[in-house]
Amino acid sequence: MSVRKLTARIFGSLVLLCGMASAQAQEHVPVADPLQFDPDFRWFEPIYDMDLADMKPKKRANTGWFATYDRLNLYGSRPELENNAQGLESGLDSGWGHRYEVGFMLPDADKGWLFSWVDNDVGQFFSVRKERGNRFNEDELDGEATNAAPPFGFEAIPGISNNRGFNYRFVDEKRSENVIDFDSYELSKTWRLEPYHYGGMLEPMVGFRWFRIEDTNVRQNFISSNDPDQIADGLAGRPNLVTTYGAASELMTTDQAFTENEAITGQIGFRYFKFFDRFTFATDFKVFSGANFQSSYNNRHTEAVVYDGTDTIEEGDEISRILYEETDRDYTRNEEFFLGFDVRGELGYQLSRAITVRAGFQLIDVARGLWRGGDIDNSILRGGDNDQDYLMVGGTFGITLNR
């Protein structure tokens, strides 16, 4: 073969290969160009009434990923305690919390998942403020101090200083009336049914729910060598502090019981909602039932402040020592059947294509199976029964995000 023919064939092959590569590049477009990524974070893109009027209910309902947040103000019922001579179980106490929801709804299959977390805490105490025998620390008032400590000059020894934010020393003797920490976690499978004749939509759901409910029962008692009962050699069954500690002193006694409920339940329910112009009317109803694994412990903590005085505490007396003691924890366990329901109603208003603000009410009723107050056989606190109820009811205000 001549050199001329060989060169012509090689050149022709190169031209053919370049043409095939060019055609192939035109037919097979890359799956995604990373430089063309558009997450569409235009949360405040405006929406008009005409857009909503032309949009079918299924198009307005949440699709894909969506999330909600609500601020809760739920009032909680008080515990039923054995030593409840003051009738503390009557009435409700204000509590504050949050509700977070994250869900995913398949746009074509009309089914998805919903995760929700509800947290609401109530902390109601009866408190009496009592001044210390040596009611203020003079070193802190005139700029001097018991010991030097950087970086801001001087401070008194911890435990003998004035109360932070005040120019004197005091204690708050507390008694719990309604102290509870409520947490609920739920995961549900949801289905979206076809819209009704007037546009309402129903979403049945089935899942499970885990509750963690912690109750606190506290009683405090503060006595001083300056109390009349102490001067009368420990009347009313109180210990004589001067005899016990060898000098004028103060004693704070705290009896406490902490009860934890871990409930694992199954749950069924539904969500119904309807759109009217920019407004959304919605209601949820859920019933849950399962096992509650309960545990509780109680003990006593004492704090004794001993002064350098002999029989009574005078202004200017210095603290010689502070003694802390705590008894061993006494544990108790139990199991109960847990039952209750959760209902809420909301009214939402569409601000933009992605944002809806909403307000409503919520009621959560643990009808049975809750333990509050600690062990009922405790001779000091005398807690509550293992099978109590707990009601929370109040208002909510929040926001929904969905593209």
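Scope of this entry: the structure provided in the associated data block. (Residues numbered from 1 in each chain as written. Predicted model: local features only at pLDDT ≥ 70, side-chain atom pairs only at ≥ 80, totals over all residues. Heavy atoms only, no water.)

Taken together, Trp-191, Leu-193, Tyr-196, Val-206, Ile-268, Phe-270, Phe-285, Val-287, Phe-337 and Leu-339 make up a surface patch of nonpolar side chains, about 840 Å² in accessible area. Elements represented by at least two residues in the nonpolar patch include exactly strand 8 (249-276), strand 9 (279-307) and strand 11 (330-350). Position of Trp-191 among the secondary structure elements: in strand 6 (residues 170-191). Accessibility expressed as a relative area gives 35% for Trp-191, which makes it partly exposed. (Patch = residues over 30% accessible without salt bridge, like charges linked within 9 Å, V, L, I, M, F, W, Y side chains within 5 Å. Areas by Shrake-Rupley, 256 points an atom, 1.4 Å probe, with all protein chains shown as cover. Salt bridge = Lys/Arg side-chain N within 4 Å of Asp/Glu carboxyl O. Helix = DSSP H or I, 4+ residues; strand = E, 2+ residues; numbered from the N terminus. Buried < 20%, exposed > 50% of the residue type's maximum accessible area, 1.4 Å probe, protein only.)

With that out of the way, let us pick up the nonpolar core. Within the largest apolar cluster, 16 residues are counted, with the highest numbers of intra-cluster contacts made by Phe-182, Phe-211, Ile-213, Phe-338, Leu-370, Tyr-390 and Met-392. For this core, the elements supplying multiple residues, two or more each, are strand 1 (64-77), strand 3 (111-131), strand 6, strand 7 (201-224), strand 12 (355-370) and strand 13 (388-402). Not counting chain neighbours up to four residues away, the residues in contact with Tyr-390 comprise Gly-76, Ser-77, Val-122, Ile-180, Phe-182, Ile-364, Asp-365, Val-366, Leu-370 and Arg-372. Counting seven residues, the second largest nonpolar core, distinct from the first, contains Ile-223, Tyr-245, Ala-304 and Val-306. (Core = buried A, V, L, I, M, F, W, Y, C linked by side-chain atoms within 4.5 Å. Contact = heavy atoms within 4.5 Å.)

Okay, the pattern of salt bridges next. Opposite charge on two side chains lets them pair, provided their charged atoms get close. Evaluation of the coordinates by the stated rule reveals 26 salt bridges. The shortest N-O distance in the salt bridge between Glu-177 and Arg-78 comes to 3.3 Å. Linking Glu-177 in strand 6 with Arg-78 in the loop between strand 1 and strand 2 (92-105), this pair joins segments that are 99 residues apart in sequence. Just as Glu-177 is buried, Arg-78 falls in that class too.

What follows concerns the side chain of Gln-388. Within the fold, Gln-388 resides in strand 13. Gln-388 sits in the buried class, given a relative accessible area of 2%. Reaching out from Gln-388, the side chain makes a polar contact with the backbone oxygen of Arg-372 at a distance of 3.1 Å. From its side chain, Gln-388 meets the backbone oxygen of Asp-385 in a polar contact 3.0 Å long. Once residues within four sequence positions are removed from consideration, Gln-388 is found in contact with Pro-79, Glu-80, Arg-368, Gly-369, Leu-370 and Arg-372. (Polar contact = N/O pair within 3.5 Å; in protein donor to acceptor, adjacent residues only side chain to side chain.)

The next point concerns the pairing of strand 11. Across 20 bridges, strand 9 lies against strand 11 in antiparallel orientation. Note that in strand 11 the partner of Gln-294 across the bridge is Asn-334. Two elements, strand 11 and strand 12, share twelve bridges in a ladder whose sense is antiparallel. From the neighbouring strand, Gly-340 faces strand 12, where its bridge partner is Val-366. Between strand 11 and the antiparallel strand that follows it, strand 12, lie four residues. (Pairing = 2+ DSSP bridges.)

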